[in-house]
Amino acid sequence: MSTENPFGEVIFSYSRKQAIDDGVLVDLNHIETIRQHWKAPVACTSCVWVIIEQALQVEGQDLNGIAHDLSTCAKRAIGTSRDTDQVYFSTIIAGRTHALKLHIGPGDTVAPVLTLMLPNED
């Protein structure tokens, strides 16, 4: 065992880029409202993306509006949270309340990334 890696060789790794390429995560940085609200890259799990896609089928809903609501609710929760790497919050999307979790941590590099997910997802 070397001092460079005290835990030994990596057996398996799955990068954020691979998760996005595979559809496990959905990159949200193409949404203008996301870019306006967040400095770090943002992705959501495929389960959250299904909720967003279903909401887009409801008349009067649009992607920028949903992204704005998600971002605003998350930021309000961050302001009152004692946790440093994740925050739980709920928001209304197309008339339905959804419990969500926003996690911040390193992505494929040490740079921080945000991941929006359901509370039971990791």
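As shown above, the structure is provided for reference.
Numbers given for residues are sequential positions, taken from 1 along each chain in its written order. The model is predicted, so local features are restricted to residues of pLDDT at least 70 and side-chain atom pairs to those at 80 or more, both for listing and for counting; the totals for chains, interfaces and linings are taken over all residues. To obtain the side-chain values, all non-hydrogen atoms of the structure were used and water was disregarded.

**Student:** Quick question: what am I supposed to make of empty space enclosed by the protein here?
**Tutor:** Gaps left between atoms show up when a probe the size of a water molecule is rolled over them. Any residue with an atom within 4 Å of a point lines the site, the site being either a cavity, points on a 1 Å grid over the protein atoms alone where a 1.4 Å probe fits but cannot get out, or a pocket, an open set with protein on both sides within 12 Å along at least 5 of 7 lines. Grid points are joined across faces, edges and corners, and a volume is the space filled by probe spheres set on the points. One pass over the structure, following the stated rule, counts 1 cavity of 30 Å³ or more. Put simply, the largest cavity is a space of about 70 Å³. If you go around the largest cavity, the residues you meet are Leu28, Ile34, Trp38, Val42, Leu70, Ser71, Ala74, Leu102 and Leu116. Considering every element that reaches the lining of the largest cavity, the biggest residue donor is helix α4 (residues 63–80), with 3 residues. Counted by class, the lining of the largest cavity contains 8 nonpolar, 1 polar and no charged residues. Only runs of H or I of at least four residues qualify as helices and only runs of E of at least two qualify as strands under DSSP, and these elements are numbered from the N terminus. Classification used: nonpolar for Ala, Val, Leu, Ile, Met, Phe, Trp, Tyr, Cys and Pro, charged for Asp, Glu, Lys and Arg, polar for all others including Gly.

**Student:** Where do I start with the sheet that holds strand β2 (residues 42–45) in this structure?
**Tutor:** Think of a sheet as strands paired side by side through backbone hydrogen bonds, with each pair either parallel or antiparallel. One bridge is not enough; two strands pair if DSSP finds at least two bridges between them. If you trace the 5 strands from one edge of the open sheet to the other, you get β1-β2-β5-β4-β3, paired in mixed fashion. Two strands close off the open sheet at either side, each with one partner strand: β1 (25–27) and β3 (86–93). Across the sheet, the axes of successive neighbouring strands diverge by a mean angle of 30°, strand direction being ignored. Note that strand β4 (residues 96–106) and strand β5 (residues 112–117) share 6 bridges and pair antiparallel. If you follow Lys101 over to β5, its bridge partner there is Met117. For helices, the fitted line uses only the C-alpha atoms of the stretch in contact; every axis is such a line through C-alpha atoms, and the angle between N-to-C directions lies from 0 to 180 degrees.

**Student:** Explain the pairing of β4 here, please?
**Tutor:** Here is the key point about a regular strand: its side chains alternate between the two faces of the sheet. Bridge count for β3 against β4 is 8 bridges, and the pairing is antiparallel. When the bridges of β4 are listed, Ile93 appears paired with Arg96. Between β4 and β5, which follow one another and run antiparallel, lie 5 residues.

**Student:** Even after reading the chapter, I still don't get the packing of aromatic side chains, so can you show me in this structure?
**Tutor:** A ring pair, where both rings are aromatic, is described by two values, the distance of the centres and the angle of the planes. Pairs were defined over the aromatic rings of Phe, Tyr and Trp, the Trp ring being its six-membered one, requiring ring centres within 6.5 Å. Orientation was assigned from the angle between planes: stacked under 30 degrees, edge-to-face over 60, tilted for the rest. Throughout the structure, instances matching the rule amount to 0 aromatic pairs. Criterion for a charge above a ring: Arg CZ or Lys NZ at most 6 Å from the ring centre, at most 35 degrees from the ring normal. Across the ring face of Trp38, the terminal group of Lys75 is positioned such that the distance to the ring centre comes to 5.1 Å.

**Student:** Mind showing me how you'd approach the pattern of salt bridges here?
**Tutor:** Salt bridge, as used here: a side-chain nitrogen of Lys or Arg that lies within 4 Å of a carboxyl oxygen of Asp or Glu. Applying the stated rule across the entire model yields 2 salt bridges. Across the pair Lys101 and Asp122 runs a salt bridge whose closest N-O atoms are separated by 3.3 Å. Residue Lys101 is found in strand β4, and its partner Asp122 is found in the segment after β5; the two are separated by 21 residues along the sequence. Under the scheme applied here, a residue whose accessible area is under 20% of the maximum for its type counts as buried, over 50% as exposed, and between as partly exposed, the area being computed with a 1.4 Å probe on protein chains only. Residue Lys101 is classed as buried on the basis of its relative accessible area of 2%.

**Student:** Help me understand the packing of helix α3 (residues 46–56) against α4 in this model?
**Tutor:** The relative placement of two packed helices is expressed as an angle between their axes plus a distance between the axes. Interaxial distance between α3 and α4 falls to 10 Å at its minimum, and their mutual angle equals 130°. By the criterion of interaxial angle, the relationship of α3 to α4 is oblique. The two elements α3 and α4 cross, and the hand of that crossing is right-handed. Seen from α3, the contacting residues are Trp49, Ile52, Ala55 and Leu56; seen from α4, they are Leu63, Ile66 and Leu70. Looking at the contact of α3 with α4, its residues break down into 7 nonpolar, no polar and no charged. Orientation labels follow simple angle bins: below 35 degrees gives roughly parallel, above 145 gives roughly antiparallel, 65 to 115 gives roughly perpendicular, and whatever is left gives oblique. Here a crossing is taken to be left-handed if its near helix is turned anticlockwise relative to the far helix by less than a right angle, and right-handed if that turn runs clockwise. When checking whether two residues touch, look at their non-hydrogen atoms; a contact exists if any pair is within 4.5 Å.

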